[in-house]
Amino acid sequence: MKRALLKECRDILLRIRTLKHDELDPGVTAELDAVIGKMTLLLETAGDDVVIDRGLIERTLAVIGRVAVGLDWLRRIIHEFLE
């Protein structure tokens, strides 16, 4: 993965954490912080091409899913479509 793409992904997660901090469960926030921390470490230590292990990819996708489920407005939209 290109360093610029990883930085963009990390920055988006930072914005989500900042904007939706009050709406997220503390466990979700902690996991989000851990993923952001790992991405930051990779950005600080890697060159232009960053190798991301499968564990971080799965963890990132899982936390994005937990964030999505944790947002009340998204939960209401999903509920409306499923009924």
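In this report, the structure presented in the accompanying data block is examined. This one's a predicted model, so the numbers in the text were calculated from it and none came from an experiment. (Residues numbered from 1 in each chain as written. Predicted model: local features only at pLDDT ≥ 70, side-chain atom pairs only at ≥ 80, totals over all residues. Heavy atoms only, no water.)

1. Some remarks on the environment of glutamate 23
Turning to its location among the elements, glutamate 23 is positioned in the loop between α1 (3-20) and α2 (26-45). Through-space distance from the C-alpha of glutamate 23 to that of valine 67 is 9.1 Å; in sequence the pair is 44 residues apart. (Helix = DSSP H or I, 4+ residues; strand = E, 2+ residues; numbered from the N terminus.)

2. With respect to the layout of surface pockets
Put simply, the largest pocket is a space of about 180 Å³. Around the largest pocket, the lining residues are Met1, Leu6, Cys9, Ile12, Leu13, Met39, Ile52, Leu56, Ile57, Thr60, Leu61 and Ile64. For the lining of the largest pocket, the leading source of residues is helix α3 (residues 54-70), giving five residues. Its residues placed into classes, the lining of the largest pocket shows 11 nonpolar, one polar and no charged. (1 Å grid on protein atoms, 1.4 Å probe; cavity = no way out; pocket = protein on both sides within 12 Å on 5 of 7 lines; lining within 4 Å. Points joined across faces, edges and corners; volume = space filled by probe spheres on them. Nonpolar A, V, L, I, M, F, W, Y, C, P; charged D, E, K, R; others polar.)

3. Observations regarding α3
With 17 residues, α3 ought to run about 24 Å at 1.5 Å a step, and its terminal C-alpha atoms sit 24 Å apart, in line with that. Among all positions in α3, only Leu56, Thr60, Val63, Val67 and Gly70 are buried. Within α3, the buried residues cover an arc of 95° as seen down the axis, which keeps them to one side. Away from its buried face by more than 90 degrees, α3 exposes Arg54, Leu61 and Val69. Near the N-terminus of α3, the side chain that reaches the backbone nitrogen of glycine 55, with its oxygen 3.1 Å away, is that of aspartate 53. (Expected span 1.5 Å × (residues − 1). Buried < 20%, exposed > 50% of the residue type's maximum accessible area, 1.4 Å probe, protein only. Arc of directions from axis to C-beta. Polar contact = N/O pair within 3.5 Å; in protein donor to acceptor, adjacent residues only side chain to side chain.)

4. What about the packing of α2 against α3?
Contact geometry for α2 and α3: axes closest at 10 Å, N-to-C directions at 145°. Where α2 crosses over α3, the handedness of that crossing is left-handed. Each of Gly27, Val28, Glu31, Leu32, Ala34, Val35, Lys38, Met39 and Leu42 in α2 lies in contact with α3, whose residues at this interface are Leu56, Arg59, Thr60, Val63, Arg66 and Val67. (Axes fitted to C-alpha atoms, helices over the stretch in contact; angles between N-to-C directions. Left-handed = near helix turned anticlockwise from the far one by under 90°. Contact = heavy atoms within 4.5 Å.)

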